[in-house]
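# Chains, contacts and geometry: an overview
Single-letter residue listing:
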Amino acid sequence: MSDIKILQFAPFESFVSPTFWHKLAELKLDYDRLSDTKRSIFGYYTNRKASGCLLEVDYSAYNSEAQTPKFSHLAHGNIYNKNTIEEFKSLDKTALLVDEGKQLLDDMRSGRALSDASLLTRFFVLSFADLKCHSYYYWFAFPCPLTPALELLSPATKLKEIPNNRNYVEAISVLPAHAQNFFILHVNEQAKVWETLSLTAALSDFDEQRAQYYIYCFADPSEYENPAWLMRNYVALLFQKCPTLIGKSLKFLGLRYDQQMHLDNSLIWEVRQAEAWNYEQVQFVGWEANRNGKMGPRMANMRDSMDPAKLAENSVNLNLKLMKWRLVPDLDLDILAKTKCLLFGAGTLGCAVARNLLSWGFKHITLMDNGKVGYSNPVRQSLYTHSDAVAGNCMKATTAAARLLEINPSAVTKGYILEIPMPGHTVGEALRPQTEQHLQRIEEEVRAHDVIFLLTDSRESRWLPTLLGAANQKIVMNAALGFDSYLVMRHGSTRELTGDCIKDVEGLKCITGQQLGCYFCNDVTAPGNSLKDRTLDQQCTVTRPGVSNIAASYAVELLVALLQHPLRELAPAYYANSRQQTTEVQQPEGLLGILPHSIRGMLCNFENILPATQKFAQCIACSERVLAAYRSEGHEFLFKTFETAKYLEDLTGISDFKRLNSEIIDFDDNEFDMSDNDDDDDN
């Protein structure tokens, strides 16, 4: 008796994908609610290059019809998801295992397991979903009747060591993959018979004489010398259907495919069961041990992958990360996520820019505006709704900041309600303290951010942000709208360029990032009060609806391209003398293409041009005289400009132009040759 060897089985190990819990949370919240009735699920296992002895479940487990991956086989299961941790703990685990085991025996007795052999691979899950903490307590079981032990008559033999093994493989290969989970191989070498039989064909009308040539085959997910746990149910089915097999030598073949889909390492066990067993009084086993090797549940903490804010963040970045796979492998997403953007204006442009920033993965967005959401806003300004207008007291800056958080909970957004002091807009003594506070807040936010967007609806409201951006060496992006035209530009930087990083290109002129002009560099007059003595259509920004979205998209795309360039805001801009040269000469490109100084577009002919202009030494916003006056005098200087715009003209010397009989310097297009034909006669 001491020489008798008992065949041991490799227990199943559960492998649970996070998507399984994600789907369970969705079903619990939206469908099951307080119901804790069992739900049918599916699992799968593979016998191709198996690792351990795994049974896997993922989100597809809850499908109404089973869908197994390639090279995998189906397992049937149930999930019992309880409403409280107390119910999870107090449930009679033994009774539950017996109930599931009896269902297995019923499938054997009724013949369902013959027609659908996948029913032999059963499992169930007892769980409790703590949706508040995103923790899942669970315990897998793989029910199996506790039958008498199997005596191992000889050591396991590999299929490749069996004579004529090629005939075995050829016979098995005739079976479709899904039918290889459980079947019988009829091998009679004298009669030269190698054929496969279904369980129904072989066991429904059992022939004992023929059965001596049977090899009982199954897809074996075990990588060990011992067969997988599911063989126990296979054995139980055979003895239940064919009691005459008890005491006889039986051969079992565990199919194990390698990476090349060869069966050489499949194992054959020759076993015998000496004792019969009572199906009516049988006990069941099958609870899975936890990670400590003890009988008890496990816990999966899905906080990192299940939290809605975290899920939203991962989903938002999915498109961006896919860009790095093939299209732009060197795309730096971290620099976008870390860049802090300050938006002056939360209207049509501000809303569109903010949404595009979120799409690119920018997380830090601050908006400044003093307007309320009106009834005309929601159709054009995408962060507001009709209910915001109805409320009557929804301020744009704070409402937009809150709405951005609703779109992406992982974003860091702020909204400040304040007025931007402007040249030519006199500040009375009563308003001076408030204006001082607003100035201080604006200065603090400019210093705290990396990029400034000028998105306001008047020219003079862009002057202060332009000045502060230049004084604090920030990236300044500007977008302005006309009825059917738009201007998008990046301001020149006040940072110093170190080294010679400029590439000369024949046929193109180059302006370094340090020498590029700002929004005001082409002006020969200081900004004044543009709303004074204007009709309603002149006070409002009247544009074709698509213009704002186009300009906002260009502004954000230009910023992203700038941040991906090694020189960032110091990146040079190239331009040609004529359109013919523009088409003939290829401009140097950064990671995402060329980096123009400005983009001027017109919807009347759907055309863009890319002009570049140098800094104006007498610019009323970014010239050294203005910056020096601001640094030395601070707010006193600013209040002088608010009192009268003429102060800026005198400071920069622009007022000298007015001495020329107060004539406005104008240029007539007829005085210039605008033709693309270089062969025109000079005469």
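Residues numbered from 1 in each chain as written. Predicted model: local features only at pLDDT ≥ 70, side-chain atom pairs only at ≥ 80, totals over all residues. Heavy atoms only, no water.

By the naming in an unreviewed UniProt entry, the protein chain goes by Ubiquitin-like modifier-activating enzyme ATG7 and is assigned to Drosophila mojavensis. For the protein chain, the Function (unreviewed entry) comment in UniProt is given as "E1-like activating enzyme involved in the 2 ubiquitin-like systems required for autophagy." In its Sequence similarities (unreviewed entry) section, the UniProt entry covering the protein chain states "Belongs to the ATG7 family." (UniProt positions renumbered as here; feature names shortened; annotations may be inferred.)

## Looking at the environment of M299
Looking at the element boundaries, M299 is found in strand β15 (residues 298-301). For M299, a relative accessible area of 38% translates into the label partly exposed. Distance in space between the C-alpha atoms of M299 and S127 is 9.4 Å, their sequence separation being 172 residues. Those residues in contact with M299, other than ones at most four positions away along the chain, are S135, Y136, Y137, Y138 and R291. (Helix = DSSP H or I, 4+ residues; strand = E, 2+ residues; numbered from the N terminus. Buried < 20%, exposed > 50% of the residue type's maximum accessible area, 1.4 Å probe, protein only. Contact = heavy atoms within 4.5 Å.)

## A few points about the packing of helix α16 (residues 463-471) against helix α21 (residues 635-643)
Where α16 contacts α21, the two axes come as close as 12 Å, and the packing angle between them is 155°. Between α16 and α21, the angle falls in the class roughly antiparallel. The element α16 and its partner α21 pack so that their crossing is right-handed. Packed against α16, whose contacting residues are W463, L464 and L467, the element α21 presents F637, L638, T641 and F642 at the interface. Its residues assigned to classes, the contact of α16 with α21 shows six nonpolar, one polar and no charged. (Axes fitted to C-alpha atoms, helices over the stretch in contact; angles between N-to-C directions. Parallel < 35°, antiparallel > 145°, perpendicular 65-115°, else oblique. Left-handed = near helix turned anticlockwise from the far one by under 90°. Nonpolar A, V, L, I, M, F, W, Y, C, P; charged D, E, K, R; others polar.)

## Brief notes about the packing of helix α3 (residues 93-110) against helix α8 (residues 230-241)
A packed helix pair is summarised by two numbers, namely the angle formed by the two axes and the spacing between the axes. Packing of α3 against α8 leaves a shortest axis separation of 10 Å and a crossing angle of 45°. One element, α3, and the other, α8, form an angle in the oblique class. Considering only the axes of α3 and α8, their crossing is right-handed. When α3 is examined against α8, the residues L104, M108 and R109 are found in contact with a partner set consisting of N233, A236, L237, Q240 and K241. Tallied by class, the residues present in the contact of α3 with α8 amount to four nonpolar, two polar and two charged.

## So, the sheet that holds strand β19 (residues 451-454)
Ordered by their spatial adjacency, eight strands build an open sheet running β18-β17-β16-β19-β20-β21-β24-β25, and the pairing between neighbours is mixed. Of all the strands in the sheet, the pair left with one neighbour each is β18 (412-417) and β25 (607-609). Within this sheet the neighbouring strands show an average axis-to-axis angle of 15°, counted without direction. Set on the sheet, helix α12 (residues 348-359) makes contact with β16 (340-344), β17 (364-369), β19 and β20 (475-481); between it and β16 the angle comes to about 165°. Set on the sheet, helix α14 (residues 396-407) makes contact with β17 and β18; between it and β18 the angle comes to about 170°. (Pairing = 2+ DSSP bridges.)

## Details of the sheet that holds strand β1 (residues 5-6)
Read from one edge to the other, the open sheet built from seven strands follows the order β1-β8-β13-β12-β11-β9-β10, with strand pairing classed as mixed. With one partner strand each, in any of the chains shown, β1 and β10 (193-197) form the two edges of the open sheet. Summarising the sheet, strand β9 (residues 182-188) and β10 pair through five bridges and their orientation is antiparallel. Across the sheet, the residue bridging to L185 is T196, located in β10. Its contacts with the sheet place helix α5 (residues 165-173) against β9, β10, β11 (214-219) and β12 (250-255), and it is angled at close to 35° to β10.

## Points about the pairing of strand β13 (residues 267-272)
Pairing of strand β8 (residues 151-158) with β13 involves five bridges; the strand directions are antiparallel. In the strand pairing of β13, K158 is matched with L267.

## Observations regarding α14
Between its first and last C-alpha atoms α14 spans 16 Å; for twelve residues at 1.5 Å apiece the expected length is 16 Å, and the two agree. Buried within α14 are the following residues: K396, A397, T399, A400, A401, R403 and L404. In the core, the buried residues of α14 are packed alongside α12, β17, α13 (386-391) and β18. (Expected span 1.5 Å × (residues − 1).)

## Some points on the nonpolar core
Within the largest apolar cluster, 80 residues are counted, with the highest numbers of intra-cluster contacts made by Y216, Y234 and F252. When residues in this core are grouped by element, the largest group, eight residues, is from α8. The residue makeup of this core includes at least three contributed by each of domain 1 (5-145) and domain 2 (150-284). Setting aside anything within four residues of it in sequence, one finds Y234 in contact with L120, F182, F183, I184, L199, Y216, C217, F218 and F252. Listed in part, the 53 residues of the second largest apolar core include L320, A354, I365 and V373. (Core = buried A, V, L, I, M, F, W, Y, C linked by side-chain atoms within 4.5 Å. Domains from an automatic or database assignment.)

## Some thoughts on the packing of aromatic side chains
On inspection of all chains with the given rule, the structure shows 24 aromatic pairs. Members of the aromatic cluster, joined through ring pairs, are F12, F20, W21, Y45, Y62, F123, Y136, Y138, F140 and F142. Here R432 stacks its cationic end above the ring of F639, 3.8 Å away from the centre of that ring. (Phe/Tyr/Trp six-rings, centres within 6.5 Å; stacked < 30°, edge-to-face > 60°. Lys NZ or Arg CZ within 6 Å of the ring centre and 35° of its normal.)

## Overview of the side chain of D369
Mapping D369 onto the fold places it in strand β17. Apart from the residues within four sequence positions on either side, D369 is in contact with G345, A346, G347, K396, A397, Y416, I417 and L418.

## Some remarks on the pattern of salt bridges
A full pass over the atoms with the stated rule returns 24 salt bridges. Here D36 and K82 are joined by a salt bridge, their closest N and O atoms 3.2 Å apart. Of this pair, D36 sits in the loop between α1 (18-32) and β3 (39-46) while K82 sits in strand β5 (residues 72-82), placing them 46 residues apart in sequence. A network of salt bridges, in which partner residues are shared, links E100, D107, R112 and R122. (Salt bridge = Lys/Arg side-chain N within 4 Å of Asp/Glu carboxyl O.)

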